[in-house]
Amino acid sequence: MFEYAWLIIVLPLLGFLIAGLAGRSFGRHVGWVSVGTIGGAFVVSLYLLIEVLGKEAIGGGFTPVTVEGIEWVPGVEFNLLVDNLSAFMLALVSLLSTLIALYSIGYMAHEEGKPRYFAEICLFVAGMLGTVSADNFLQLLIFWEIMGLCSYLLIGFWYHKPEAASAAKKAFLVTRIGDVLFLFGVIAIFVTFGTLNLLELPEKIAATFGMPGFDPRLMTVIPLLLFGGAVGKSAQFPLHVWLPDAMEGPTPVSALIHAATMVKAGVYLVARSFIFLVPTHEVAPGVHEVLEPAVPWTAILVIAVIGGFTAFFAATMALANYDIKRVLAFSTISQLAYMFLGLGAGAWFLAEHGIAEGSTVGYSAALFHLTNHAFFKALLFLAAGSVIHAVHTNDMREMGGLRKHMPVTAITMLLGSLALAGFPGFSGFWSKDEILKVTFEVGEANVVFLALYVLGITTAFLTAFYTFRLWFMTFSGRFRGHHEEHVHESPGVMTGPLAVLAVFTVASGAFAFLTNGWSNLIFYGEHTAESPLVGLTTFPGLPLAALSVAVALAGIGLAYLVYHRRTIPAASFTRSSAGARVHRLLLNRYYMDHGYNQLARHGVMGLAAAADWFDRKVIDGVVNAIGRGGLAVAGASDWFDRKVIDGTVNAFSLSTVRGSLTLQRPQTGRVQNYAAVVVLGLSIVIVVLLIVRVVATIAMGGTQKRARSIALAFSLADTVLAVVLTVTFLTGFLDSSLPGSRGIAGTNQAFRYYEAYSWVPTLAINYAMGLDGLSLPLVFLTPLLTTLAIGFSWDKEYRPKEFFALLLLMEWSILGVFVTLDFFLFFVFWELVLIPMFFLIGIWGGPNRQYASYKFLIYTHVGSVIMLLSIFAMFLSAGPTLYGDPNARTFNMVDFLEAVADPGKRALLGMGFQVPVFIAFFFGFIVKLPSVPFHTWLPDAHVEAPTAGSVILAGLLLKMGGYGIFRVAIPMLPDASQSLWWLMAIFGVVSMIYASFVCLSQVDLKKLIAYSSIGHMGFVLLGASSQTTIGVAGAIFQLFNHGIITAALFMLAGTIKHSAGTRDIPKLRGLGQLMPRYSLVLIISFLASLGLPGLNSFVSEFMVFTGTYGGGPYQPYRALVLVPLLAVVITGAYYVWTMQKMVFGTPNESLGKLHDLKRNEIVVYSILILMMFLVGFFPSLWLGMIWDPSTYLTGVIP
Amino acid sequence: MALPYVLTVLLFFPAISAILTYVLGRNDRAAKWIGTGLSLVPLALSTYLVYTFLAAPADLVVQTVGGRSYYAWEQYSWIPQVGISYTLGVDELSIFLVFLTALLTTLAMAFSWDAHDRVREFYAMFLFMETTILGVFLSLDFFLFFIFWEVGLVPMYFIIAVWGGPRKKYAAIKFFLYTQAASLLVLLGIFAMYHYGGTFDMTVLIAQNPLAGSGLSLVAGLVFVGFLIGFGTKLPTVPLHTWLPDAHVEAPTGGSVMLAGILLKLGGYGLFRVNWQMMEETTVEWWWLLAVLGIVSIVYGSLVCLAQDDLKRLVAFSSVSHMGFVTLGLAAAAFARGTAGAQLAFAGAVFQMFAHGLVSPALFMVAGALGHKLGTRNISELGGIAKKMPTMTAFVMIAFLASLGLPGLVGFVAEFAVFLGVYSAWGFALAIPILTVVITAAYYIYAAQRSFFGPLNPRWENAEDAHAYEAVPLAVLSVLFVLFGILPLIFLQSIYAWSGSVVP
């Protein structure tokens, strides 16, 4: 019906947008945008009001109408509510706002920032219009807050004035406290009653009240929360402090805030909350009665008392102030308080007497006073603005005698003052008197209201006095300021609105009569066309009215005597010490502002400072302490590693051979020197020596340079073969031309391309070879890494022939370990591996190569010897036992596997056999792996080894240990491996944690990488211990992944040593600038190594953890997975930290100019990084191989 | 019309763009244009996705698992041995965050137009980060999820460590280690989920709630707390938040935008997706922990804000406070499960992520721009700069107001819904979080008064106002504040409906 009503809000919003976004293009005429849009809103409002009145709003025949809008959040729609109150408020607000906007054009003519000003005015008005037309409390709140925002912006319009900025802040924050209470109330309403709609709520309240589960206290709390919002917005005690300061904004803004918008919204809100104050229910169709048990008497009383008290309280402060606008501000607080008093008393009266003729008079009186006050306060403010505009001061002590200079202002302001003072016949008189009468009437029922009446009537006296104090100080007597000649009347655009307002000020009082008592227009509750609600008649009229008139006249008279005639000098009051004290108290506003400031500064800000301190020192302190603690542990671990573990090793094994070691440089013939210690390896070594010579001289005869090409060709060919083999394994396309497979009965495990020939029949030694998913990835990796190592060492200058030959020999021997399936051959290759590595370290190594190479050889050889004991045990004891025949001896691994797979035969291998053999195997393998504490050969070997040696060592040699565990230790001794899972777990976890801490305190990049290898191999043991397929597969996969990553890492260490001459991390800074390509490779490799998801090693580590978590043996200790996970954090720490130190920062000048990666290096690194990504993205290819042996391994464990 | 592979394209296009930007961005100008231009493609795709999702969801490939629908579904076997698949899909929870990610990436890159140090790396890093973040929101396989979750640390680490402020090294490594440590608890939780649920498929885990069985309450509690710590660190919630202020203070503006706008949301997303959806019963049991964390974050964060001098630090702590609403909303939903209030609280908490994702970038943009233009962000050293920077001040005020929850702007909607939920759960205990709103207003308004208003500090006599490349992203965000403040239902409708099904 009233769809066009939306225009009332939309027009000012449009004004806001136009003035705000395009205001500059209007130049000084931008004000007309505001006037036009707000004026338009007024025209529409007026039309709406007329239409509403035409539908018998006065007679009560009009039912409120909801104008559809939008749905905002589920359950809350934004609609307009058109009823007699909102229609009236819309017209009132838009009228006043139009006038104020018009006035602003003149007032702000010479100010900068007009577009901003007028845009904000428009938004402000839109906010108020939205507030008074909202159909639910939330919508009301939203527009209410928009208004709060605009008041903030406009009070701080002259933001460069500190006072304005501070006043704006104060206004926003103080009203915000009220707003939050209001919000609280809105929430409580919605949750309690399920709606916020003003029209639906009365029925909902009636329906909900008294229901089980309904807390009746809510009926008191909700209106009080809403009132809290009103207290803030309408500046009532104790949140009144913002309003007197708010006059720092331009005067028209003050007029807007005090007269038409903002503070009036609070009164409006309380009027709307009559739904709760005087709840009604329908007793018969169309007949409503007060729901008496639900009436919140306490809430009503609180509202009335706050009103009555604030009226008096604010009026006293107005008495002493000299600032013309502040006086008016205090008067606003006081007058608004009257309205709250009226609403409170009116609610009480209504609740007590029921909805009947005349009973809504208090409600109506308050809104009547709101209307009157709007007109006269707008008039007073604009007149005061006119005065300030003329004299450029707010201080009334510098005014006086302005009547003759500014006649229009003086007269209009006199009219406004008379209205404010309650002079009979003027508007303020009627409405204030009605409020007081209601209060008096309710006093019969509750004596508190009688006291409030006394306060009210006293306030009336004070009001009359301070109003005329103001008028006389300003307009009568002599001018007390400066430059009287400049004082002149304001322009027509300002005085025009004054005149219009003056008319309304005078006329709005008479309006009461014209509408047959104001109560007919604005009423609450029942409305009956037949019996118009006439308020005044039932009240004891005359005596009270006479008293009101008397006090008003007395106040005006006193002001006349003091400030016009000066028969009673104003100073006489302050002469007595008590009077002076009171005066000071009033002037300082009862020190409440001061108190609030102190509370904010020392209370809230103190708390904030304490919280900040706590955050920096305690919470962040703990975080940093954990970091520092980690470093301390790292330092201690490093010390322990060097002094204790390695010290012990040295004391034990090396002291015996130290003498001989120091005699000569290691040459090929020096092998005999340790032969005495390592008796068992002798024969093998001799054989190998021959082979080295043969390979080096025959295969690589010719120039030294050609050696590298030949080596590369051989290893490349090998790589191609490995690739073909892998592809065949996966797809089977060459299967027909290769040897067949040998399965293990009773399992899914099979060795493909299995060849077995009898070799030394007397000793049951076979030449047996075959591949499965466990060995294939490693077989793939071996030639690949060898090729890359050759490529990386392309520029080797010192004896390249031997160097490359040894690399090839190494490749051959490692491959042998992975493909042979006969224990004898296995061990031969296992030992053979040591030789080329020994020479690589001993000849091409760093300064300490002697020590390192011997340590490597002896240490790992000791491990091998113990492993050999186990092989003998298998040969001599396990074979005969399993086959029940003392002569059934075999070295063939597959035979053992097959026998053990049969539960009946396995049972023959008692734990007494399995456990010691397992431990011996295990020891041999974890020395190779290596696992803490049998690891100290590794850092030395790496540090001294040439890069290619390190690559092979870490990438392939260590994998032999892991391979052995999965090939031999677990499947051949399943019972032992099942019950000794904890042994593997402990070695694994200790390696992970320990190595990562040691890494944290390394300065040599290569040593760091060496230790990180130890940590990463810990995953293998952890996965092995899990006894789940996924964990074992992860461990096997980890062997492969680590091979790729660690190769890149050791190459990186080699490159930087070559390029910068040092691997000392602290000396390497700013490599990101010096060697960008190198840095990129470094970053990616580090990230891969720390297990960044998406790169290869994450997959395997993830699987290991998953398996460990789900592993049977771990069932009771599941949460302890957190411990190895901690190692991942520390790994992250040392890598990121190292990366940060090396890559970032300013370059170290002393390093000179560094060359970035060479071509061959780029190729090598590219392949490795590509592998990291490919395996990371498509792990299923590799897992496809690994999965079968893993299920076999977990299946074989009982 | 259903675009095939739309999510895969959306997910990897930024990563490819990163490479293109790096390779083709031969000079700074080219890198900026290429990078920003390419980022429009995922933005367009995600806009299409959101639009289709809202207008005609049936046009997308819909997969329903356990009664829940996932859209634009793609599933391919990936690591079949371990039961890991490449599964992508969006639903009401993730789709708006996907849109936000694409939007903020473009805006952050546009806002960084004055970058001059290693520009192509910088722009490539943003695009790479976009892929990682999108990955988290799109993945419906735990393994894939965790990959993106962890990889996301890397670009952010570099953005802080390379382009950061004076203490960038400390901040970067703190960020990396702190959040990585927390991620490990997430990983542990994933293991547990896999162990008891037998799958990494998040949709199945959501449908089955494997830890809900009797006799598992201890395990479930531990896993819940582990996830909570992991996601809570990212969120962040007090007391796991101290990486955030340092990271923000040192990060370049674009980095802060992404960090606050999106990276924090990963934590909230995890709380909803994992803690709630996969372990609903446990969440209900542990509501009190969520509630305490939420309340403490809200109150403590805002108090600390009040004491900050560095604007960026202030904004960082305000994020802590605002993300507390997410935790609190979840707590209320858990406590009052089954009521209308719970639905509101849940929807509010989800929407808060979106709202904060719009507002905090604007805050960091203005804070960063001030620091960049003036050389300081310290409130005590600013003063009166509104006079010299009216446009920037206008944006600052809009962002401040949106952040302090002014009705009519986007932040209010979310907070209001959470408040409703909190009230319906705990009644007048709402007083604590709701009164904090006053403190929030106080620190913003107090900061505004001291830094922008009052007399102009003569040091800033020559300060320049916002450039176009700064004003445009801020304007876009400001328009969105208003749009989603007035018409939140555009997104909230489906979030609310979904919340109803998630909080039965």
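For the structure given in this document, a descriptive report is provided here.

Rules of the game
Residues numbered from 1 in each chain as written. Chains lettered and ligands numbered in written order. Predicted model: local features only at pLDDT ≥ 70, side-chain atom pairs only at ≥ 80, totals over all residues. Heavy atoms only, no water. Patch = residues over 30% accessible without salt bridge, like charges linked within 9 Å, V, L, I, M, F, W, Y side chains within 5 Å. Areas by Shrake-Rupley, 256 points an atom, 1.4 Å probe, with all protein chains shown as cover. Salt bridge = Lys/Arg side-chain N within 4 Å of Asp/Glu carboxyl O. Lys, Arg positive; Asp, Glu negative; His and termini not counted. Charge placed at Lys NZ, Arg CZ, Asp CG, Glu CD. Buried < 20%, exposed > 50% of the residue type's maximum accessible area, 1.4 Å probe, protein only. Helix = DSSP H or I, 4+ residues; strand = E, 2+ residues; numbered from the N terminus. Pairing = 2+ DSSP bridges. Contact = heavy atoms within 4.5 Å. Phe/Tyr/Trp six-rings, centres within 6.5 Å; stacked < 30°, edge-to-face > 60°. Lys NZ or Arg CZ within 6 Å of the ring centre and 35° of its normal. Buried area = accessible area lost by both parts, 1.4 Å probe. Polar contact = N/O pair within 3.5 Å; in protein donor to acceptor, adjacent residues only side chain to side chain. Nonpolar A, V, L, I, M, F, W, Y, C, P; charged D, E, K, R; others polar. Axes fitted to C-alpha atoms, helices over the stretch in contact; angles between N-to-C directions.

**Observations concerning a negative patch on the surface**
Then, in step 1: On the surface, a cluster of negative charge is contributed by E3(A), E68(A), E71(A), E77(A), E200(A), E203(A) and E282(A).
Then, in step 2: With a relative accessible area of 41%, E200(A) lands in the partly exposed category.

**What to know about the pairing of strand 3 (residues 84-90) of chain B**
All names here are of chain B.
Then, in step 1: Counting buried residues along strand 3, seven of its seven residues qualify, which places the element largely inside the surrounding structure.
Then, in step 2: Side-chain alternation along strand 3 places I84, Y86, L88 and V90 on one buried face and S85, T87 and G89 on a second face that is also buried.
Then, in step 3: Turn length for the strand 2 (residues 68-79)-strand 3 hairpin, with the two strands adjacent in sequence and antiparallel, is four residues, and the turn residue G83 shows positive phi of about 80°.

**What about the environment of G485(B)?**
Then, in step 1: Tracing the backbone shows G485(B) in helix 19 (residues 468-486).
Then, in step 2: Since its relative accessible area comes to 1%, G485(B) is described here as buried.
Then, in step 3: For the pair G485(B) and P407(B), spaced 78 residues apart in sequence, the C-alpha to C-alpha distance is 7.4 Å.
Then, in step 4: If sequence neighbours within four positions are ignored, G485(B) has contacts with W72(A), G408(B), L409(B), V410(B), V413(B) and L480(B).

**Section: the packing of aromatic side chains**
Then, in step 1: Considering all chains together, one arrives at 115 aromatic pairs over all chains under this definition.
Then, in step 2: With a centroid separation of 5.9 Å and an interplanar angle of 20°, the aromatic rings of Y103(A) and Y107(A) are classed as stacked. Pair noted here: Y103(A) and Y107(A) are both in helix 3 (residues 84-107), with a separation of four residues, about one helical turn. As far as burial versus exposure is concerned, Y103(A) and Y107(A) are alike and both buried.
Then, in step 3: Here F468(A) and F472(A) contribute two aromatic rings whose centre-to-centre distance is 5.9 Å and whose plane-to-plane angle is 50°, an arrangement assigned as tilted. Of this pair, F468(A) and F472(A) both sit in helix 18 (residues 447-475), separated by four residues, roughly a single helical turn.
Then, in step 4: Owing to a relative accessible area of 3%, F468(A) belongs among the buried residues under this scheme.
Then, in step 5: Clustering of aromatic rings is evident, with ring pairs tying together F1019(A), F1098(A), F1102(A), F1105(A), W78(B), F143(B), F146(B), F191(B), Y194(B) and F200(B).
Then, in step 6: Looking at K1141(A), its charged tip hangs above the ring of W1137(A), at a distance of 3.9 Å from the centre.
Then, in step 7: Positioned above the aromatic ring of W149(B) is the side chain of K234(B), whose terminal nitrogen or guanidinium carbon lies 4.7 Å from the ring centre.

**Examining the interface of chain B and chain A**
Frequently, the measure chosen for interface size is the accessible area that the parts lose on association.
Then, in step 1: With 95 residues of chain B in contact, the opposing surface of chain A contributes 89 residues.
Then, in step 2: When chain B packs against chain A, the two sides together hide about 7800 Å² of surface, and 78% of this comes from carbon and sulfur.
Then, in step 3: Three residues, Q81(B), F191(B) and F416(B), lead the burial of chain B against chain A; their summed loss comes to 8% of the area buried on that side.
Then, in step 4: Our count for the chain B to chain A interface comes out at one salt bridge.
Then, in step 5: D620(A) is the salt-bridge partner of K174(B), the closest N and O atoms lying 2.4 Å from each other.
Then, in step 6: The tally of links from chain B across to chain A stands at 20 residue pairs in polar contact (both at pLDDT 80 or more).
Then, in step 7: For the side of chain B that touches chain A, the leading source of residues is helix 7 (residues 168-197) of chain B, giving 20 residues.
Then, in step 8: For the side of chain B that touches chain A, a count of residues per class yields 75 nonpolar, 13 polar and seven charged.

**As for the sheet that holds strand 1 (residues 63-65) of chain B**
By way of backbone hydrogen bonds, the strands of a sheet pair with one another, either parallel or antiparallel.
All names here are of chain B.
Then, in step 1: Strands sit in the order 1-2-3 across an open sheet of three strands; the sheet is antiparallel. Strands at the two margins of the open sheet, each flanked by one partner only, are strand 1 and strand 3. Here the strands of the sheet are splayed against their neighbours by 55° on average, with no regard to which way each runs.
Then, in step 2: Pairing of strand 1 with strand 2 involves three bridges; the strand directions are antiparallel. Looking at the pairing, T64 lines up with S69 of strand 2.

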